[in-house]
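# Structural characterization, general
The lines below spell out each chain.
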Amino acid sequence: MIAAALVWSTIDTWILLTASLVAASSAIPGCFLFLRKQSMIADALTHAALPGVVAAFVVAGWLQGFGIIDQDGSWTFRQSLMFGGAMTAGLLTAFLTQWVSRSGWIRGDAAMGVVFTTLFAIGLIMLRQFADQSDIDLECVLYGQLDTIGLSDGVPAEAITCALMLVVNLVLVTVLFKELMLTTFDPELAGTLGLRPEWMHYGLMTITTATIVTAFEVVGSILAIGMLVIPPSTAFFISRRLRPMIAVSMSVAVSASVLGHLAAITLPGPITSALGLPYVESVTTSGAIVLVAAAQLLIAMLIGPERGILVDRYRATRTPAGEAVPVN
């Protein structure tokens, strides 16, 4: 039954390629956020980008109403508006979180929660208010449109955008690797060397926001966070060094995309049939990718060569009595 369900098409190829590009590009800034203990700011940026996206759609609707742009054309202009709106909202979130945290009024984690929930609430209100007056698809905002990529002729624009984002992240991390590493592990030393850790922080937030905006359209606001957090967390249990950690994180993200899409189109049918439930041919690829990534994280937590729980216990039993156990 699985073999019968696995009928590959050009659409599946584009879905797989686009998902892999999104996952790999997200894993790069995700590693630095993880090591800085700021992974949840990705969640804040993902949710806080919503009002910017809605505002961009509303502006595009107004411009269309005034005849400045037409309904069928100006795709690049609409995408630029959405990107600019989400970037503005995301950077505003990073700035407000840093400002509230430094003010000392409330703790940093609480500041993040206050800022992103407030902006997300504003986005939801705007979404409900203007959804009927523009071409905003609520399910697309929440879940993305990964499963519809490749329906049109030619190379999907989403795949091109995600590929460009991956190249940008690779170039920036390669050029600024030393600065990012120093400000991540020893910001005080980086400050004495004149590297301006606060600038690197906002630079990382800019990269992260741009990556989130790119992933936003493909996987939606709910699942974009999984791409940024789970693969770097998995890589943490596999490698201690930063460069290998980034490489492992990207590999894990791509493998989760491949296995997730295959699982989405093959497993639902046999599982629902075996359980006596109504037959389901396939499920959302984005959700399956995140579930596979979570399973990979669980496996790494147990048997990861560096920090795996079972591996550490095995090493402890192999250590002779009286000999110190190496500290990871």
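Residues numbered from 1 in each chain as written. Predicted model: local features only at pLDDT ≥ 70, side-chain atom pairs only at ≥ 80, totals over all residues. Heavy atoms only, no water.

## Quick notes on the overall build of the protein chain
As a reminder, the rule being used: Only DSSP runs of H or I reaching four residues or more are called helices, and only runs of E reaching two or more are called strands; each is numbered from the N terminus. Only protein chains enter the calculation, and the probe is 1.4 Å; a residue is then buried if its accessible area is under 20% of its type maximum, exposed if over 50%, and partly exposed in between. Between two residues, a contact is recorded if the distance between any of their heavy atoms is within 4.5 Å. All accessible areas in this document rest on Shrake-Rupley with a 1.4 Å probe, and a residue is counted as covered only by the protein chains that are shown.
Looking only at helices and strands, the protein chain features 14 helices and 0 strands. Helices and strands in the protein chain line up, N terminus first, as α-α-α-α-α-α-α-α-α-α-α-α-α-α. The burial tally for the protein chain puts 47% of its 328 residues in the buried class. Across the protein chain, contacts joining residues at least 24 apart in sequence account for 74% of those joining residues at least 6 apart. When the accessible area of the protein chain is evaluated, it comes to approximately 16600 Å², of which 67% is carbon and sulfur surface.

## A closer look at the pattern of salt bridges
Quick reminder of the rule: Any Lys or Arg side-chain nitrogen located within 4 Å of an Asp or Glu carboxyl oxygen qualifies as a salt bridge.
Considering all chains together, one arrives at 3 salt bridges under this definition. Glu306 is the partner of Arg240 in a salt bridge, and the nearest nitrogen-oxygen pair spans 2.6 Å. A residue pair is termed long-range when its members are at least 10 positions apart, and Arg240 in the loop between α10 (197-236) and α11 (242-266) and Glu306 in the loop between α13 (285-303) and α14 (309-318) qualify at 66 residues. The partner of Arg315 in a salt bridge is Asp312, and the shortest N-O contact between them spans 3.8 Å. Taken together, the positions of Arg315 and Asp312, both in helix α14 and 3 residues apart, correspond to about one turn of that helix. Looking at Arg315, the relative accessible area reads 35%, which means it is partly exposed. For Asp312, a relative accessible area of 29% gives the class partly exposed.

## What about the packing of aromatic side chains?
So the rule is basically this: Pairing of aromatic side chains requires ring centres within 6.5 Å, counting the rings of Phe and Tyr and the six-membered ring of Trp. Pairs whose planes differ by under 30 degrees are stacked, by over 60 edge-to-face, and all others tilted. Charges are assigned to positions over rings by a cutoff of 6 Å between ring centre and Lys NZ or Arg CZ, combined with an angular limit of 35 degrees from the ring normal.
Counting across every chain of the model gives 2 aromatic pairs. Here Phe34 and Phe236 contribute two aromatic rings whose centre-to-centre distance is 5.0 Å and whose plane-to-plane angle is 55 degrees, an arrangement assigned as tilted. Of this pair, Phe34 sits in helix α2 (residues 10-35) while Phe236 sits in helix α10, and the two are 202 residues apart along the sequence. Overall, the relative accessible area of 22% leaves Phe34 in the partly exposed class. Summarising the aromatic geometry, the rings of Phe236 and Phe237 are spaced 5.8 Å apart at their centres and angled 80 degrees between planes, so their arrangement reads as edge-to-face. Phe236 gets classed as partly exposed once you look at its relative accessible area, which sits at 24%. You can call Phe237 buried: its relative accessible area is 16%. Here the aromatic cluster, defined as three or more aromatic residues joined through ring pairs, consists of Phe34, Phe236 and Phe237. We note Arg196 situated over the ring of Trp199; from NZ or CZ to the ring centre the distance is 4.4 Å.

## Let's talk about the side chain of Thr214
Spelled out, the test is: Pairs of N or O atoms are called polar contacts if they sit within 3.5 Å, as long as, within protein, a hydrogen donor faces a hydrogen acceptor (for residues adjacent in sequence, only side-chain-to-side-chain pairs).
Within the secondary structure layout, Thr214 lies in helix α10. Looking at Thr214, its side chain comes within polar contact range of the main-chain oxygen of Ala210, at 2.9 Å. Apart from residues no more than four positions distant in its own chain, Thr214 is found in contact with Phe83, Thr161, Cys162 and Met165.

## Considering the confidence of the model for the protein chain
Rule in force here: Here pLDDT means the predictor's own confidence in every residue, given as a number from 0 to 100.
Across the protein chain, the average pLDDT comes to 81, with 85% of residues at or above 70. Ranking the elements of the protein chain by mean pLDDT puts helix α1 (residues 2-5) last with 48 and α11 first with 93.

## Focus: the UniProt feature "transmembrane region" (unreviewed entry) in the protein chain
Threshold: UniProt positions are given in the numbering used here, feature names are shortened, and annotations may be inferred rather than shown by experiment.
In the numbering used here, UniProt assigns the "transmembrane region" (unreviewed entry) feature to residues 14-35, 47-69, 81-100, 112-131, 157-178, 246-267 and 287-305. When the span residues 14-35 is considered, its composition is 100% helix and 0% strand, and the gap between its end C-alpha atoms is 32 Å. With 95% helix and 0% strand, the stretch residues 246-267 has end C-alpha atoms that lie 30 Å from each other.

## Describing empty space enclosed by the protein
Rules: Within this scheme a cavity is a closed region of a 1 Å grid, computed over the protein atoms alone, that accommodates a 1.4 Å probe without allowing it to escape, whereas a pocket is open but has protein on both sides within 12 Å along at least five of seven lines; lining residues each have an atom within 4 Å of a point. Grid points are joined across faces, edges and corners, and a volume is the space filled by probe spheres set on the points. We call Asp, Glu, Lys and Arg charged. Ala, Val, Leu, Ile, Met, Phe, Trp, Tyr, Cys and Pro are nonpolar, and the rest, Gly among them, are polar.
For the structure shown, the criterion picks out 1 cavity of 30 Å³ or more. By volume, the largest cavity amounts to about 50 Å³. Among the elements of the structure, α10, α11 and α13 are those that each provide at least two residues to the lining of the largest cavity. Here the residues of the lining of the largest cavity are counted per class, giving 8 nonpolar, 1 polar and no charged.

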